[in-house]
Amino acid sequence: ARRLIRHGGIRDHAPLVVTRASNMLWTLLAGIGVATWLALSTITARIPGAALPHLDAALVSVSLIAQWMMTRKLLENWLLWIAVDVVYIGLFINRGLTLTAVLYAIFLILATIGFVQWRRSAASWCRRRWRGSAAASPRPRASATRSSGQ
């Protein structure tokens, strides 16, 4: 019997490489994000004493999309995390939650480092892929007629 899981992944799957989100995917994710935001806004606005329920719902929606993108190794997930962290820092400072704002400042630094490292990884993979395809392409043949040394 074959093992279904090896090293935390599903069998027969190639390792994910860092890629970029397509325009079609961005459109789909934007629609999902708006729908999620509307649903969460409706729910959180009804909670007594909720501070800024619409903003919080938007941040949760973007965070869920960023998390999904991270699992797919889409580079832009880090840009979403950076944006969310910046807004959360301001929100927590505004609410007097200084230690939580500091925590999100640390998250902001980590997200920035993640973006830089994943961008380098994606560029490196593209260079290796390009070199590999160039090496695999047929090379021009030497001339069939050679001088016979006469």
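### Here we look at the overall build of the chain
- If you tally the helices and strands in the chain, you get four helices and two strands.
- If you list the helices and strands of the chain from N to C, you get β-β-α-α-α-α.
- Counting all 150 residues of the chain, 23% fall into the buried class.
- Contacts in the chain between residues at least 24 apart in sequence constitute 56% of all its contacts with a sequence separation of at least 6.

### Describing the pattern of salt bridges
- Applying the stated criterion to the full structure yields one salt bridge.
- Here Arg20 makes a salt bridge to Glu76, at a shortest N to O gap of 3.0 Å. Linking Arg20 in the loop between strand 2 (9-10) and helix 1 (23-44) with Glu76 in the loop between helix 2 (53-71) and helix 3 (77-94), this pair joins segments that are 56 residues apart in sequence.
- With a relative accessible area of 60%, Arg20 lands in the exposed category.

### So, the packing of aromatic side chains
- Scanning all chains against the criterion turns up five aromatic pairs.
- For the ring pair Tyr88 and Phe92, a centre distance of 5.3 Å and an interplane angle of 5 degrees mean the geometry is stacked. Here Tyr88 and its partner Phe92 are both found in helix 3, four residues apart, which amounts to about one turn of the helix.
- In this structure Tyr88 comes out as buried when scored by relative accessible area, which is 9%.
- Arranged with centres 5.0 Å apart and planes meeting at 80 degrees, the rings of Tyr104 and Phe107 form a pair that is edge-to-face. Placement of both Tyr104 and Phe107 in helix 4 (residues 98-136) is noted, with a separation of three residues, approximately one turn of the helix.
- Among the aromatic side chains, those forming a connected cluster through ring pairs are Tyr88, Phe92, Tyr104 and Phe107.

### A closer look at the nonpolar core
- Membership of the largest hydrophobic core comes to 16 residues, with the highest contact counts inside it found for Met69 and Trp78.
- Listed by contribution, the elements that provide at least two residues to this core are helix 1, helix 2, helix 3 and helix 4.
- With four residues, the top contributor of residues to this core is helix 4.

### What to know about the side chain of Ser41
- Position of Ser41 relative to the elements: it lies in helix 1.
- Look at Ser41 and you get buried, because its relative accessible area is 5%.
- Not counting residues within four places of it along the chain, the set of residues in contact with Ser41 comprises Pro53, His54 and Ala57.

### Concerning a nonpolar patch on the surface
- Residues Val102, Leu103, Ile106, Phe107, Ile109, Leu110 and Ile113 make up a contiguous nonpolar surface patch of roughly 590 Å² in combined accessible area.
- Its location among the elements puts Ile106 in helix 4.
- Overall, the relative accessible area of 44% leaves Ile106 in the partly exposed class.

What counts and how
- Residues numbered from 1 in each chain as written.
- Predicted model: local features only at pLDDT ≥ 70, side-chain atom pairs only at ≥ 80, totals over all residues.
- Heavy atoms only, no water.
- Helix = DSSP H or I, 4+ residues; strand = E, 2+ residues; numbered from the N terminus.
- Buried < 20%, exposed > 50% of the residue type's maximum accessible area, 1.4 Å probe, protein only.
- Contact = heavy atoms within 4.5 Å.
- Salt bridge = Lys/Arg side-chain N within 4 Å of Asp/Glu carboxyl O.
- Phe/Tyr/Trp six-rings, centres within 6.5 Å; stacked < 30°, edge-to-face > 60°.
- Core = buried A, V, L, I, M, F, W, Y, C linked by side-chain atoms within 4.5 Å.
- Patch = residues over 30% accessible without salt bridge, like charges linked within 9 Å, V, L, I, M, F, W, Y side chains within 5 Å.
- Areas by Shrake-Rupley, 256 points an atom, 1.4 Å probe, with all protein chains shown as cover.

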